[in-house]
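Structure assessment
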Amino acid sequence: MPVKRSILWILLITSLVMLLERWQQHQGRSSLFFPDTAQHSTSPNTQRDKDKARSDVPSSDDLSLSSEVATAEPKHLMPTGTVELDTDVYKVHFNLRGAVLSHLDLKQVHAGSHPSSTDTHPSITLFDQSPDHIYLARSGLIGGAFPNHNDVFTALPGPRTLAPEQKTLEIQFTSAIKDGIQLIKSFIFTRGSYVIEVRHTVINKRSTPTQPALYLELVRDNTAVETPRFSQTFIGPAMYSNQEHFQKISFSDIDKQKAQFVPQADNGWVAMVQHHFASAWIPRADTTRTVYVDKPQPTLYRIGMKIPLPILEPNATEVVSAQLFAGPQEEKMLESIAPGLELMKDYGWVTLIAKPLFWLLEKIYGYLGNWGWAIVGLTVLIKAAFFPLSAASYRSMARMKELMPRMQALRARHKENPQKLNTELMQLYKTEKVNPFGGCLPILIQIPVFISLYWVLLSSVEMRGAPWLGWIHDLSRQDPYFILPVLMAVSMFVQTKLNPTPPDPLQAKLMVIMPIAFSVMFFFFPAGLVLYYVVNNLLSIAQQWYITKRLSPASKDQIQA
C-alpha cells in the first residue's frame, strides 16, 4: 500500500540520517544537526608528544586564578590589583598578577561594516575572572624560574583611554628580574579592530647565555554560554594548522584524555570558541610552536602553544610579537586576520553549501540594508531556483489527490485481498502515469540546502541585534509576541490541507497535530530562523495552490477551450 511504503521510506531516510550522524562522529566531524566534536583516540607517540609539550608549562599548582577558584591558594598568589582600559570596541581589565587579560567586554557586536545601532543585547563579556566564570588569556616564560602568569607585574605610566584623535592605544607591563630574566608585555589596541597586538620583550640580565621559551594560552571553564533553545553549538578549544586544518577539541575528549590535535607546527593558531564569539592566539607566520591541550584543574580547560626563543647572550633582548583576537565570528573580518580563522564559524558537514548561501545572503543585505529582508530575499531566490523540483513534487501530489477517491474505492473493494489491491494500485499508477513517490524525492533533494540555511542563520553573529519589522528588534532572539511562530503553525496547517488526505484516520489526525507540535519548538527559535520558515511555507502554499489549480478539471477545460 502507498501509505505503508511512505512510512517505510520515512523510516529508511531516518535510518540513513542516523547512520550519517554516527559516521560523522566516528570520523571526528561535526554532528549533523548539532555540530560538536566527536571523541578521538590518539596514538602512543602522539600522546607522548603532547605530554612533552605541556610538561614545563606552569601546572595546576601554579594557576593563580584567584581565591574564588582555588580556595586554598597561597596568599602570595592572590590577585594584587587591576588596570582598566577603554577603547572604542573594548572595555578591558588587566590583572597585575601576570599582566593577564582577566576581563574583556565587547562594546559592540559587529565590527567595521556591520554596526547595529539598535542592538538590544548588553555588551558581551569574553574574558572574565569572577566567582561564576573563568576565561583568561595568559602568557609567560618557561625553561627556568622566569616571569610567568603567576608573577606580579608593574603597569608603566600612560593613557588608559583611546582618545577620539588616537588610532592606537598601548599599555606596557614590566616584571621584576627573575633568574636573570626580565619580561615586558606590551598590548597595542587599534581603533575599530578586534585584534590586539601583543609584544613580549625578553631581556637577559645574566652574565651567561640562556634560552627561555614563550607560552601563549587560553584557559576557561565549561560554563554554558547564550545559545538558542533546541540548538546546540560548540564550546571549547580549537586550533588550525596546515597539516590538519581546523580541529575542534571537546571538553569531554579532554576529560578522557582522548583529545586529538597537531602538537607540532610552524603555522596556525589556537582558540577558544563559543556561539557567535571566539578568542585566538595567532603567532607570526613561520614561527615554530608546540601546542598543548589539558585540564589544569577539575573545572578548567586550556589550550596553548610554546614558542622557543633563540639563545640570548648576556644583555641581549628578544622581541616576540603575536596577535590576540577576541571578538565576533564575522567571516570577512576573520578571513582578513589569519588563514583558516573564518573556520571558527563552523557550519559542520554542510559548510560546502552554507558558505555560498551566507555569501549570497550578505550580498542581498548589501542591497537591502536589513538582515530580515535579506532573509526574505534569499528565501525567494532559493524557492525560485528549486521551482522545477517543487513544481514536479506538487504536480505529483495534486495528481495523487485527484486519484484519492479511486484509490479508496479500490481499497474498499479489495480490503480482504492485499495482493490484488497492490496490483490494482500499480496498474492505476501506470495508467494515469503517476509516481506515488514523486512528491517526496524532489523535497529530499532540497533538504541539505534547508539544513545549510538553518546553520547559516543560527551561526551568523550578524543576526544579533539586527531588526526587521516593528516588533522584531533582534533576529537572533525569539519573537517577543510569538507572531511568527503562530504564522508558522497556520502555514503548516494550510499546507497539510493542500496535500492529499491520508486514507488512515489516525494518519490524518497526525497530519493535523504535527503543525501544532512543530510550532511549540518554533516558539523558542530565533526570529530570523522562524522568518525563513514562514516565508518558505507561504511561497510553497502559493506555488502549490497555483499548480493544483492549473491541474484541476475546470482549468484543463479552460486551457483546452
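Basis of the calculations
Residues numbered from 1 in each chain as written. Predicted model: local features only at pLDDT ≥ 70, side-chain atom pairs only at ≥ 80, totals over all residues. Heavy atoms only, no water. Helix = DSSP H or I, 4+ residues; strand = E, 2+ residues; numbered from the N terminus. Contact = heavy atoms within 4.5 Å. Areas by Shrake-Rupley, 256 points an atom, 1.4 Å probe, with all protein chains shown as cover. Expected span 1.5 Å × (residues − 1). Buried < 20%, exposed > 50% of the residue type's maximum accessible area, 1.4 Å probe, protein only. Arc of directions from axis to C-beta. Pairing = 2+ DSSP bridges. Axes fitted to C-alpha atoms, helices over the stretch in contact; angles between N-to-C directions. Patch = residues over 30% accessible without salt bridge, like charges linked within 9 Å, V, L, I, M, F, W, Y side chains within 5 Å. Salt bridge = Lys/Arg side-chain N within 4 Å of Asp/Glu carboxyl O. Parallel < 35°, antiparallel > 145°, perpendicular 65-115°, else oblique. Left-handed = near helix turned anticlockwise from the far one by under 90°. Polar contact = N/O pair within 3.5 Å; in protein donor to acceptor, adjacent residues only side chain to side chain. Core = buried A, V, L, I, M, F, W, Y, C linked by side-chain atoms within 4.5 Å. pLDDT = per-residue confidence, 0-100.

Considering the overall build of the protein
A count of helices and strands for the protein gives 13 helices and 19 strands. Contacts spanning at least 24 positions in sequence make up 67% of the contacts within the protein whose residues lie at least 6 apart. Per element, the accessible surface of the protein, about 25800 Å² overall, is 60% carbon and sulfur.

Considering helix H5 (residues 351-368)
In a regular helix each residue adds 1.5 Å, so 18 residues correspond to 26 Å; H5 covers 25 Å between its end C-alpha atoms and thus fits that length. When H5 is considered as a whole, its buried residues turn out to be Ala354, Leu357, Phe358, Leu361, Glu362, Ile364 and Tyr365. Seen end-on, H5 carries its buried residues on one side only, within an arc spanning 165°. More than 90 degrees from the buried face of H5, the exposed residues found are Leu352, Trp359, Gly366 and Tyr367. Once H5 ends, the next one or two residues include glycine 369, with phi positive near 70°.

Regarding the sheet that holds strand S9 (residues 181-190)
As summarised here, the arrangement of the 9 strands in space is S7-S8-S9-S10-S19-S16-S15-S12-S13, forming an open sheet in which the pairing is antiparallel. Strand pairing shows two members of the sheet lacking a second neighbour, strand S7 (153-155) and strand S13 (245-248), which therefore form its edges. For this sheet the average axis-to-axis angle between neighbouring strands, irrespective of direction, equals 20°. Where strand S8 (residues 168-175) meets S9, 7 bridges bridge the pair, whose relative direction is antiparallel. Residue pairing across strands places threonine 168 opposite threonine 190, the latter belonging to S9.

With respect to a nonpolar patch on the surface
Residues Tyr367, Leu368, Trp373 and Leu469 make up a contiguous nonpolar surface patch of roughly 470 Å² in combined accessible area. With respect to the helices and strands, the residue leucine 368 is situated in helix H5.

Regarding the packing of H5 against helix H6 (residues 371-385)
Orientation of H5 relative to H6, taken along the N-to-C sense of each, is 125°, at an axis distance of 8 Å. Between H5 and H6, the crossing angle belongs to the class labelled oblique. Two packed elements cross with a definite hand, and for H5 against H6 that hand is right-handed. Residues Leu357, Leu360, Leu361, Glu362, Ile364, Tyr365 and Leu368 of H5 form the contact with H6, whose participating residues are Trp371, Trp373, Ala374, Ile375, Gly377, Leu378, Leu381 and Ile382.

A look at the side chain of asparagine 95
Relative to the elements of secondary structure, asparagine 95 occurs in strand S2 (residues 90-95). For asparagine 95, a relative accessible area of 3% puts it in the buried group. One polar contact links the side chain of asparagine 95 to the main-chain amide nitrogen of arginine 97, over a distance of 2.9 Å.

A few points about unusual backbone geometry
In this structure, aspartate 286 takes a positive phi of about 65° despite not being glycine. Along the chain, the position of aspartate 286 falls in the loop between strand S16 (277-283) and strand S17 (289-297).

Concerning the environment of valine 376
Take valine 376: it is sitting in helix H6. Sequence separation between valine 376 and asparagine 536 is 160 residues, and the spatial gap between their C-alpha atoms is 8.5 Å. Valine 376 has contacts with Leu531 and Val535, leaving out every residue within four places of it along the chain.

Describing H6
Here H6 spans 21 Å end to end across 15 residues, near enough to the 21 Å set by a 1.5 Å rise per residue. Taken residue by residue, H6 has Trp371, Gly372, Ala374, Ile375, Val376, Leu378, Thr379, Ile382 and Lys383 as its buried positions.

Comments concerning the nonpolar core
Tyr90, Phe94, Leu104, Phe325 and Met344 are the most contacted members of the largest nonpolar core, which totals 78 residues. Not counting chain neighbours up to four residues away, the residues in contact with leucine 104 comprise Tyr90, Lys91, Val92, Ile124, Thr125, Leu126, Phe127, Ile196 and Ala326. In terms of nonpolar packing, the next biggest core, distinct from the first, is built from 42 residues, Tyr347, Phe386, Leu458 and Val535 among them.

Regarding the confidence of the model for the protein
Taken as a whole, the protein shows an average pLDDT of 79; of its residues, 73% reach a score of 70 or greater. A low-confidence stretch, residues 1-13 stays under pLDDT 50, and its non-local contacts, those more than four residues away or across chains, total 16 contacts. Confidence over residues 554-561 falls short of pLDDT 50; this stretch has 6 contacts with residues more than four positions distant or in other chains.

Concerning the pattern of salt bridges
One pass over the structure, following the stated rule, counts 13 salt bridges. For aspartate 86, the salt bridge goes to lysine 107, with nearest N and O atoms at 2.5 Å. Here the residue aspartate 86 occupies a position in strand S1 (residues 82-86), and lysine 107 occupies one in the loop between strand S3 (100-106) and strand S4 (124-125), the gap between them amounting to 21 residues. Judged by relative accessible area, lysine 107 falls into the partly exposed class, the value being 39%. When the shortest N-O distance is used, the salt bridge between glutamate 462 and lysine 345 registers 4.0 Å. Here glutamate 462 is found in the loop between helix H9 (441-459) and helix H10 (483-498), whereas its partner lysine 345 is found in the loop between helix H4 (331-337) and H5, with 117 residues between them in sequence. By relative accessible area, which is 1% here, glutamate 462 ends up buried. In the salt-bridge network here, residues are joined through shared partners; they are Arg138, Glu217, Asp294 and Arg302.

Re the pairing of S16
For a regular strand, the rule is simple: side chains alternate between the two faces of the sheet. Of all 7 residues in S16, 7 are buried; the element is thus mostly enclosed. The two faces of S16 match: Phe277, Ser279, Trp281 and Pro283 on one face and Ala278, Ala280 and Ile282 on the other face are all buried. Here strand S15 (residues 269-274) folds back onto S16, and the loop between the two strands holds 2 residues, one of which, histidine 276, carries a positive phi near 75°. The pairing of S16 with strand S19 (residues 317-328) spans 7 bridges and is antiparallel. Across the sheet, the residue bridging to tryptophan 281 is leucine 324, located in S19.

What to know about the environment of glycine 268
Relative to the assigned elements, glycine 268 resides in the loop between strand S14 (264-265) and S15. Here the alpha-carbon distance between glycine 268 and phenylalanine 246, two residues 22 residues apart in the chain, equals 9.3 Å. The contact partners of glycine 268, leaving out residues within four places of it in the chain, are Tyr240, Ser241, Pro283 and Arg289.

Here we look at the pairing of S19
With 9 bridges joining them, strand S10 (residues 195-204) and S19 adopt antiparallel strand pairing. Within the sheet, the bridge partner assigned to threonine 201 lies in S19 and is valine 319.

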